[in-house]
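Summary of the model geometry
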Amino acid sequence: MLHINIICIGKLKEQYLKDALNEYSKRLSKYCSLKIIELPDEKIPENLNSNIIDRIKETESNNILSHIKSDSYNISLDLHGKQFSSEEFSSKIEDIALNKSSNINFIIGGTLGLSDKLLKQSSELISFSKMTFPHQLIRIFLLEQLFRAFKILSNEKYHH
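Structure report, in brief.

Conventions and cut-offs
- Residues numbered from 1 in each chain as written.
- Predicted model: local features only at pLDDT ≥ 70, side-chain atom pairs only at ≥ 80, totals over all residues.
- Heavy atoms only, no water.
- Helix = DSSP H or I, 4+ residues; strand = E, 2+ residues; numbered from the N terminus.
- Contact = heavy atoms within 4.5 Å.
- Axes fitted to C-alpha atoms, helices over the stretch in contact; angles between N-to-C directions.
- Parallel < 35°, antiparallel > 145°, perpendicular 65-115°, else oblique.
- Left-handed = near helix turned anticlockwise from the far one by under 90°.
- Nonpolar A, V, L, I, M, F, W, Y, C, P; charged D, E, K, R; others polar.
- Core = buried A, V, L, I, M, F, W, Y, C linked by side-chain atoms within 4.5 Å.
- Buried < 20%, exposed > 50% of the residue type's maximum accessible area, 1.4 Å probe, protein only.
- Expected span 1.5 Å × (residues − 1).
- Arc of directions from axis to C-beta.
- Polar contact = N/O pair within 3.5 Å; in protein donor to acceptor, adjacent residues only side chain to side chain.

1. Digging into the side chain of Gln 136
For Gln 136, the position within the fold is in helix α5 (residues 135–153). Leave out the neighbours within four places in its chain, and Gln 136 touches Lys 11, Leu 12, Lys 13 and Leu 17.

Here it is in structure tokens:
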């Protein structure tokens, strides 16, 4: 069975997001082993400068890296990543599972994003949009697209 980890910074605070996460996790259990690893976010001071931003991104990214196994295929969500249609995304998941690894990590950074070091160590970068969304909401987008991808791969009905 395919093992998917979503390694993310920060906890979901709003109940409606927790409900969506629980619903998609339940739906995905039919297709894969899903684990969501929530890591603490660093406090962001009001007097931000580039050194503080880099330090926060480095701390959060190092925490993420400590949760990654060496045999995993690591996909970081990043604004500069490749964009996929739902069908292309499902093909990507299938290709990774068949040819690369049965362990896929999806990495979602905190408010300030991921460090360059982590991005360079990623197998791939993907983006859901050129728009910026809260990282908590992207988690739900990712779960929905994973569910849709498995429905496509199983030739089950899904909404376009």
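2. Quick word on the packing of helix α1 (residues 15–28) against α5
Relative to each other, α1 and α5 sit at 20 degrees, their axes nearing to 10 Å. Classified by the interaxial angle, the pair formed by α1 and α5 is roughly parallel. Remark: the crossing between α1 and α5 carries left-handed chirality. Facing Leu 17, Ala 20, Leu 21, Tyr 24, Arg 27 and Leu 28 of α1, the residues of α5 in contact are Gln 136, Leu 137, Arg 139, Ile 140, Leu 143, Glu 144, Leu 146, Phe 147 and Phe 150. Per-class residue counts for the contact of α1 with α5 are 11 nonpolar, 1 polar and 3 charged.

3. Side note on the nonpolar core
Core analysis: the biggest nonpolar cluster contains 30 residues, and Phe 106 and Leu 146 have the highest contact counts within it. Those elements that provide at least two residues to this core are β1 (3–9), α1, β3 (73–82), α3 (86–99), β4 (103–108) and α5. Here this core gets 8 residues from one element, more than from any other, and that element is α5. Aside from chain neighbours lying at most four places away, what touches Phe 106 is Ile 4, Asn 5, Ile 6, Ile 7, Ile 75, Leu 77, Phe 89, Ile 93, Ile 126, Leu 142 and Leu 146. Counting residues in hydrophobic clusters, the runner-up holds 9 residues, among them Ile 7, Ile 9, Ile 64 and Leu 119.

4. Details of helix α2 (residues 50–65)
Compared with an ideal rise of 1.5 Å per residue, which puts 16 residues at 22 Å, α2 spans 22 Å between its outermost C-alpha atoms and is within 8% of the ideal. Within α2, burial applies to Ile 52, Ile 56, Lys 57, Glu 60, Ser 61 and Ile 64. What you see down the axis of α2 is that its buried residues fit within an arc of 155 degrees, all on one side. Next to the buried residues of α2 lie β1, β2 (33–39), β4 and α4 (116–121). With a side-chain oxygen positioned 2.9 Å from the backbone nitrogen of Asn 51, the residue opening α2 is Asn 49.

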